[in-house]
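Single-letter residue listing:
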Amino acid sequence: MPPRPMNDEEVLSEMSKMVAFIKQEALEKAREIKVKADEEFAIEKAKLVKQEQQAIDAQFEKKRKGAEVAQKIAQSNLTNKSRLKLLQRREEQLQELFSIARTSILTFAEDEGRYSQFLEGAIVQGFLQLMETNVTLHVREQDADIIQKAGEVAVVSYAEISGREVSFELETTLSKDCAGGVKLVSSSRRITIDNTLDERLRLLEDKMLPEIRRDLFGPNENRKFYT
């Protein structure tokens, strides 16, 4: 008897656990990057402050008022430069974190047992969303065999759930650069259900981005309300 395919909640739970694991591993790396960035920021700030202070001192006696204005401008420029540099470093940290997640997701398809269960659940989910008698599954060429088997199991599960019959055909149109998964297309080709691993990870990234920002950088003091 084939293993029971995962339902929507189990699929989402599996992906969420995987992302949580990836996030935990990445947080330590992100913290190291943040410490290094803070050190470089402090050095750069001290250097800029010293340079600006020397320029101000040279003119102080001769042009006191002008020097005071120049100091305010310099401090403002320094603050802006530092803030922009910090924002750039934060964005680099986030992109590195997501890059780690994307790299890790590539290995998910190598675990045939878990990958097969994911595919069965993803295909059943797509069948239930389309509710058509014939569906085209767009897959990677290297996944054709495993998705053929997963699709056959999904057909049985779909019939048990919906009381309907469905047939499918495969088209190996997904790029080799895709992490895996499947796209389901209706017979009219007007409706596409994207259940690729790449799309699932993108949706999780969008959903978790505010939480990740708070975990890495703390609350944004410029925002009064948080979601």
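Residues numbered from 1 in each chain as written. Predicted model: local features only at pLDDT ≥ 70, side-chain atom pairs only at ≥ 80, totals over all residues. Heavy atoms only, no water.

### Things to note about the overall build of the chain
- Within the chain, the regular secondary structure consists of five helices and four strands.
- The N-to-C order of helical and strand elements in the chain reads α-α-α-β-α-β-β-β-α.
- Evaluated residue by residue, the chain yields a buried proportion of 35% over its 227 residues.
- By sequence separation, contacts in the chain at least 24 residues apart represent 75% of the contacts at least 6 residues apart.
- Accessible surface computed for the chain: about 14,500 Å², of which carbon and sulfur atoms make up 51%. (Helix = DSSP H or I, 4+ residues; strand = E, 2+ residues; numbered from the N terminus. Buried < 20%, exposed > 50% of the residue type's maximum accessible area, 1.4 Å probe, protein only. Contact = heavy atoms within 4.5 Å. Areas by Shrake-Rupley, 256 points an atom, 1.4 Å probe, with all protein chains shown as cover.)

### Here's the deal with the packing of aromatic side chains
- Under the counting rule described, the total for this entry stands at three aromatic pairs.
- Relative to Tyr 115, the ring of Phe 108 has its centre 6.3 Å away and its plane inclined at 80 degrees; by these criteria the two rings are edge-to-face.
- Tyr 115 sits in the buried class, given a relative accessible area of 1%.
- Ring plane angle 65 degrees and centroid distance 5.6 Å describe the contact between Phe 127 and Tyr 158, whose orientation is recorded as edge-to-face. With Phe 127 in helix H3 (residues 112-130) and Tyr 158 in helix H4 (residues 144-162), the pair connects residues that are 31 residues apart, well separated along the chain.
- Under the relative-accessibility criterion, Phe 127 is labelled buried at 1%.
- For Tyr 158, a relative accessible area of 0% corresponds to the buried category.
- What links up through ring pairs into an aromatic cluster is the set Phe 108, Tyr 115 and Phe 118. (Phe/Tyr/Trp six-rings, centres within 6.5 Å; stacked < 30°, edge-to-face > 60°.)

### Description of the sheet that holds strand S3 (residues 181-186)
- The mixed open sheet is built from four strands, whose spatial order is S2-S1-S3-S4. Single-partner strands in this sheet number two, and they are strand S2 (167-171) and strand S4 (192-196). Averaged over all neighbouring strand pairs, the angle between strand axes comes to 25 degrees, with direction disregarded.
- With five bridges joining them, strand S1 (residues 134-138) and S2 adopt parallel strand pairing. If you follow Asn 134 over to S2, its bridge partner there is Ser 167.
- The sheet contacts of H3 involve S1, S2, S3 and S4, and relative to S3 the element is tilted by about 20 degrees.
- Of the strands in this sheet, S1, S2 and S3 are in contact with H4, which crosses S2 at around 165 degrees. (Pairing = 2+ DSSP bridges. Axes fitted to C-alpha atoms, helices over the stretch in contact; angles between N-to-C directions.)

### With respect to H4
- In this model, H4 (19 residues) spans 26 Å end to end at C-alpha, consistent with the 27 Å of a helix rising 1.5 Å per residue.
- Along H4, the positions that sit buried rather than exposed are Ala 144, Ile 146, Ile 147, Ala 150, Gly 151, Val 153, Ala 154, Ser 157 and Tyr 158.
- In this structure, the buried side of H4 is in contact with H3, S1, S2 and S3.
- Phi turns positive one or two residues past the end of H4, at Gly 163, with a value near 75 degrees. (Expected span 1.5 Å × (residues − 1).)

### Remarks on the pattern of salt bridges
- This structure, assessed with the given rule, holds three salt bridges.
- A salt bridge links Arg 189 to Glu 171; the nearest nitrogen and oxygen atoms lie 2.9 Å apart. On the criterion of sequence distance, the pair formed by Arg 189 in the loop between S3 and S4 and Glu 171 in strand S2 is long-range, its members being 18 residues apart.
- By relative accessible area, Arg 189 is classed as partly exposed at 48%. (Salt bridge = Lys/Arg side-chain N within 4 Å of Asp/Glu carboxyl O.)

### Regarding the confidence of the model for the chain
- In the predicted model, the chain carries a mean pLDDT of 82, and the fraction of residues at 70 or more is 87%.
- Summarising per-element confidence for the chain, the mean pLDDT is lowest in helix H2 (residues 64-106) (74) and highest in S1 (97). (pLDDT = per-residue confidence, 0-100.)

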